[in-house]
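# Summary of the model geometry
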Amino acid sequence: STVKVTKICCIGAGYVGGPTCAVIALRCPHVQVTIVDLNKARIDAWNSPDFKLPIYEPGLEDVVRKARDRNLFFSTDVDKGIQDADLIFVSVNTPTKKSGVGAGFAADLNYVELATRRIAAVATSNKIVVEKSTVPCRTAESMRTILEANSKPNCRFDILSNPEFLAEGTAISDLFKPDRVLIGSLQTLEGKAACSALAEVYANWVPADRILTVGLWSSELSKLAANAMLAQRISSINALSAICEATGANIDEVAHAVGFDSRVGPKFLRASVGFGGSCFQKDILNLVYLSESLHLPEVAEYWKQVVVMNEYQKRRFSKTVVDTLFNTITGKRIAVLGFAFKADTGDTRESPAITLIRDFQSEKALINVYDPQVEHEQIWADLTEASPSTPLASIQKQVSICSSALEACKNAEAVVIATEWKEFRDIDWEQVYKGMNKPAFVFDGRLLVDADKLRKIGFKVNTIGRGERM
Ligand code: UDX
Ligand code: UDX
Ligand code: ADP
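Let us look at the structure shown here. Because the structure is predicted, anything quoted here is derived from the model rather than measured.

In this structure, Asp 452 sits in helix α19 (residues 451-457). Residue class for Asp 452 comes out partly exposed when judged on its relative accessible area of 48%.

A few words on the packing of helix α1 (residues 17-27) against helix α3 (residues 60-67). Where α1 contacts α3, the two axes come as close as 9 Å, and the packing angle between them is 50 degrees. It follows that α1 is oblique to α3 by the angle criterion. When you trace α1 past α3, the crossing you get is left-handed. Only Leu 60, Val 63, Val 64, Lys 66 and Ala 67 of α3 make contact with α1, whose side of the interface consists of Pro 19, Ala 22, Val 23, Ala 25 and Leu 26. For the contact of α1 with α3, the per-class residue count stands at nine nonpolar, no polar and one charged.

To continue, consider empty space enclosed by the protein. Applying the stated rule across the entire model yields two cavities of 30 Å³ or more. Size it by volume and the largest cavity reaches roughly 50 Å³. If you go around the largest cavity, the residues you meet are Glu 131, Lys 132, Ser 133, Thr 134, Val 135, Ser 161, Pro 163, Ser 219, Glu 220 and Lys 223. Here the lining of the largest cavity takes three residues from helix α9 (residues 216-247), the largest share from any one element. A per-class count over the lining of the largest cavity returns two nonpolar, four polar and four charged. Looking at the second largest cavity, its volume works out to about 40 Å³. Glu 245, Arg 316, Phe 317, Thr 320, Asn 462 and Ile 464 together form the lining of the second largest cavity.

Within the span of α3, buried status applies to Leu 60, Val 63, Val 64 and Ala 67. Across the axial projection of α3, the buried residues extend over an arc of 95 degrees, all falling on one side. Buried residues belonging to α3 abut α1, α2 (40-46), β3 (72-75) and α7 (171-176). Looking at the residues trailing α3, positive phi occurs at Asp 69, about 65 degrees.

In this section: the sheet that holds strand β13 (residues 441-444). To summarise the sheet geometry, strands pair through backbone hydrogen bonds and adopt either a parallel or an antiparallel arrangement. With parallel pairing, the six strands of this open sheet are ordered in space as β11-β10-β9-β12-β13-β14. With partners counted over all chains shown, the strands left at the sheet margins are β11 (399-401) and β14 (460-463), one partner each. When the angles between neighbouring strand axes are averaged without regard to direction, this sheet yields 20 degrees. Judged from the four bridges that link them, strand β9 (residues 333-337) and strand β12 (residues 414-417) form a sheet pairing that is parallel. Of the residues in β12, the one forming a bridge with Leu 337 is Ile 417. Where helix α14 (residues 376-386) meets the sheet, it contacts β10 (366-370) and β11, and its direction lies at approximately 160 degrees from that of β11.

What counts and how
- Residues numbered from 1 in each chain as written.
- Chains lettered and ligands numbered in written order.
- Predicted model: local features only at pLDDT ≥ 70, side-chain atom pairs only at ≥ 80, totals over all residues.
- Heavy atoms only, no water.
- Helix = DSSP H or I, 4+ residues; strand = E, 2+ residues; numbered from the N terminus.
- Buried < 20%, exposed > 50% of the residue type's maximum accessible area, 1.4 Å probe, protein only.
- Axes fitted to C-alpha atoms, helices over the stretch in contact; angles between N-to-C directions.
- Parallel < 35°, antiparallel > 145°, perpendicular 65-115°, else oblique.
- Left-handed = near helix turned anticlockwise from the far one by under 90°.
- Contact = heavy atoms within 4.5 Å.
- Nonpolar A, V, L, I, M, F, W, Y, C, P; charged D, E, K, R; others polar.
- 1 Å grid on protein atoms, 1.4 Å probe; cavity = no way out; pocket = protein on both sides within 12 Å on 5 of 7 lines; lining within 4 Å.
- Points joined across faces, edges and corners; volume = space filled by probe spheres on them.
- Arc of directions from axis to C-beta.
- Pairing = 2+ DSSP bridges.

Have a look at this one:
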């Protein structure tokens, strides 16, 4: 029996659920899409008359303007959303557990379980339930058990896994033109029918050969594997960047030469101060935990090294700053340009900038921060979380948030580029130089600026992965 999806509900209006379902609504005008969330402030922001959306993502506002109140709706009425829908995306948060079994590694599946139990409690008709949040392998199986144990008669649930591969900052173009859409289902007749129903939704704009259908567990594992292998590329190139700095080689040249091998490929080989974001570290730690649970300690150890190398890279970078500034930054003013975990997003989860600033704080430096997108309250919240024993008032004696890059660099000894915002390449570096104490240092943690141009102005420049003279 073929199911035709006409009403979709998405539980969770965050970085994944919001953009994904907004694009589904735009591309499928005949499908009604309702995104629900318990967080009223978030829903209000999605519904705001002047489109002050809760997340910053290039192109998102345009999509929401076109689809909202046409076939795209945002609501706090979770139960009604569930009852009305034929297909439900579960797109809630799955943070790393902070306590209990697997603390620091395993995913906290509490939100997924609560959302699943809610579906079971209020559904009165058949539903296709789609796991969209990144979750460890076999979560779909738990969801199925919960749904089946709690459902009413004549109410059947089919579970699919449909991991999202969008990257923040390019979410909308990733969703418009995905490399692939992955759908996992049980290989039963019903499972395959549910899979086809969801595939049909994507087929409204995604070419058929890019819609991959696999088993449930392969789908779940593929998401963890994709993120782990992407992060592994960055840790590999960052490990090589340390060798470059020590030998006089240049990581740009090495990455270019290596990436030219079609078996390796050129993308995702940019050395940096370290990767951040809500996914990479979390998903690798999930994989580590999964491997340990499966009694595969060598496998766990292998993947763990990707995170260990990332921590090392951040520490190595802040040490370079201290060493270069004559082994002390006490009382010195350091401008940190960028606080988001990458450009074109206001998201700060696991941002390397947080670690750098915490390191500079413990060296008793004075820090000026500037980021074009991140809210000031978010910066204070992140810095407080990074130094839980330091009261905010003390943090604020050391750290100031500035309203422009130029202002942040005034009277500083050093500029540290922590996020690759384009505007940092194009600031008036002559002006920055004039306002700084001399010698004026630039530490480029993102391979962003033209070091030779800056040296001509008078700066001493240190670029990650380049073993050249300052
Ligand atoms: C990632 C995956 O790319 C995406 O497919 C998945 O769905 C979610 O996780 P995201 O974290 O949003 O997306 O951004 P991404 O572009 O992957 O960058 C992650 C981090 O790696 C950032 O801190 C970025 O600056 C860093 N990075 C990326 C590098 O340091 N070097 C690179 O070459 C690429
Ligand atoms: C390798 C490099 O490919 C080549 O560029 C370099 O100049 C020399 O080293 P080679 O060792 O001759 O070449 O063969 P290659 O095809 O790379 O295979 C190496 C090993 O990896 C083989 O044992 C092969 O069976 C194995 N392999 C390769 C896999 O197990 N899986 C793969 O996906 C690819
Ligand atoms: P992601 O980056 O995975 O999208 P976010 O934290 O941005 O994660 O978004 C997840 C959203 O899910 C949050 O806005 C949160 O309020 C919402 N949420 C969590 N649990 C539930 C639930 N049981 N019902 C409805 N919404 C939920």
